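Observations on the three-dimensional arrangement
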Amino acid sequence: MMLRSLSVLLPALVVGLGSALLTGCSNAHDRYGTPPRAYEARLLEEFSAADRDGNEQISPEEFRAGWPDQDVTFETLDTDGNGSLSLAELRAYAEWRRIANAPPGRRQN
């Protein structure tokens, strides 16, 4: 009887625990204190808003007119020098800035 009860309860426990772990991981903060999904969603939203012509590149004009962080120059972000900003270039800069601005205890590996 005891073994039968365990055989019913054990799978439910495993499923419940696995579900809790997955939920916790999706809301987890990375080592710099930022929820990764929220960080990525915000970057995509800002990129889409600045990319007014929808060509998946931000021109110097689009950057000056619509990029929220004007503390950095277009030329600094245009790492490949092609005259436009890709999402990858902005993602790299945003990641660097996020790490640089992290609390001192969280910057270490």
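Below or above, wherever it landed, is the structure these notes cover. (Residues numbered from 1 in each chain as written. Predicted model: local features only at pLDDT ≥ 70, side-chain atom pairs only at ≥ 80, totals over all residues. Heavy atoms only, no water.)

1. So, helix H2 (residues 36-50)
In a regular helix each residue adds 1.5 Å, so 15 residues correspond to 21 Å; H2 covers 21 Å between its end C-alpha atoms and thus fits that length. Turning to H2, its buried residues are Tyr 39, Leu 43, Phe 47 and Ala 50. Angularly, the buried residues of H2 cover 70° about the axis, an arc narrow enough to put them on a single face. Turned more than 90 degrees away from the buried face of H2 sit Arg 37, Glu 45, Ser 48 and Ala 49, all of them exposed. The inward-facing, buried residues of H2 abut helix H3 (60-66) and helix H5 (87-100). (Helix = DSSP H or I, 4+ residues; strand = E, 2+ residues; numbered from the N terminus. Expected span 1.5 Å × (residues − 1). Buried < 20%, exposed > 50% of the residue type's maximum accessible area, 1.4 Å probe, protein only. Arc of directions from axis to C-beta. Contact = heavy atoms within 4.5 Å.)

2. Here we look at the packing of H2 against H5
Packing of H2 against H5 brings their axes to within 11 Å, and their N-to-C directions diverge by 135°. If you check the angle between H2 and H5, you find them oblique. For H2 against H5, the interelement crossing comes out right-handed. Residues Tyr 39, Glu 40, Leu 43, Leu 44 and Phe 47 of H2 touch H5, and the partners they reach there are Leu 87, Leu 90, Arg 91, Ala 94, Glu 95 and Arg 98. (Axes fitted to C-alpha atoms, helices over the stretch in contact; angles between N-to-C directions. Parallel < 35°, antiparallel > 145°, perpendicular 65-115°, else oblique. Left-handed = near helix turned anticlockwise from the far one by under 90°.)

3. Quick word on the pattern of salt bridges
In this structure the tally under the stated criterion is three salt bridges. Ionic pairing is found between Arg 42 and Glu 46, a salt bridge with its closest N-O pair at 3.1 Å. With Arg 42 and Glu 46 both in helix H2, this residue pair falls four residues apart, about one helical turn. Judged by relative accessible area, Arg 42 falls into the exposed class, the value being 56%. As a salt-bridge pair, Arg 97 and Asp 71 come within 3.8 Å of each other at their nearest N and O atoms. Note that Arg 97 is positioned in helix H5 and Asp 71 in the loop between H3 and helix H4 (74-77), a separation of 26 residues in sequence. Overall, Asp 71 belongs to the exposed group, its relative accessible area being 67%. (Salt bridge = Lys/Arg side-chain N within 4 Å of Asp/Glu carboxyl O.)

4. So, the nonpolar core
Grouped together as the largest cluster of nonpolar side chains are 15 residues, with contacts concentrated most on Ile 58, Phe 63, Trp 67, Leu 77, Leu 85 and Leu 90. If you list the elements that add at least two residues to this core, you get H2, H4 and H5. In contact with Trp 67, not counting residues within four places along its chain, are Leu 43, Glu 46, Phe 47, Ala 50, Ile 58, Glu 62 and Leu 90. (Core = buried A, V, L, I, M, F, W, Y, C linked by side-chain atoms within 4.5 Å.)

5. Examining H5
Taking 1.5 Å as the rise per residue, H5 with 14 residues should run 20 Å; its terminal C-alpha atoms sit 20 Å apart, in good agreement. Listing the buried residues of H5 in full gives Leu 87, Glu 89, Leu 90, Tyr 93, Ala 94 and Arg 98. The arc that holds every buried residue of H5, seen down its axis, measures 165°, which confines them to one face. Away from its buried face, by an angle of more than 90 degrees, H5 presents the exposed residues Ala 92 and Trp 96. Residues of H5 that are buried in the fold lie against H2 and H4.

6. What to know about unusual backbone geometry
Positive phi, normally seen in glycine, also occurs at Glu 56, with a value near 65°. The topology assignment puts Glu 56 in the loop between H2 and H3.

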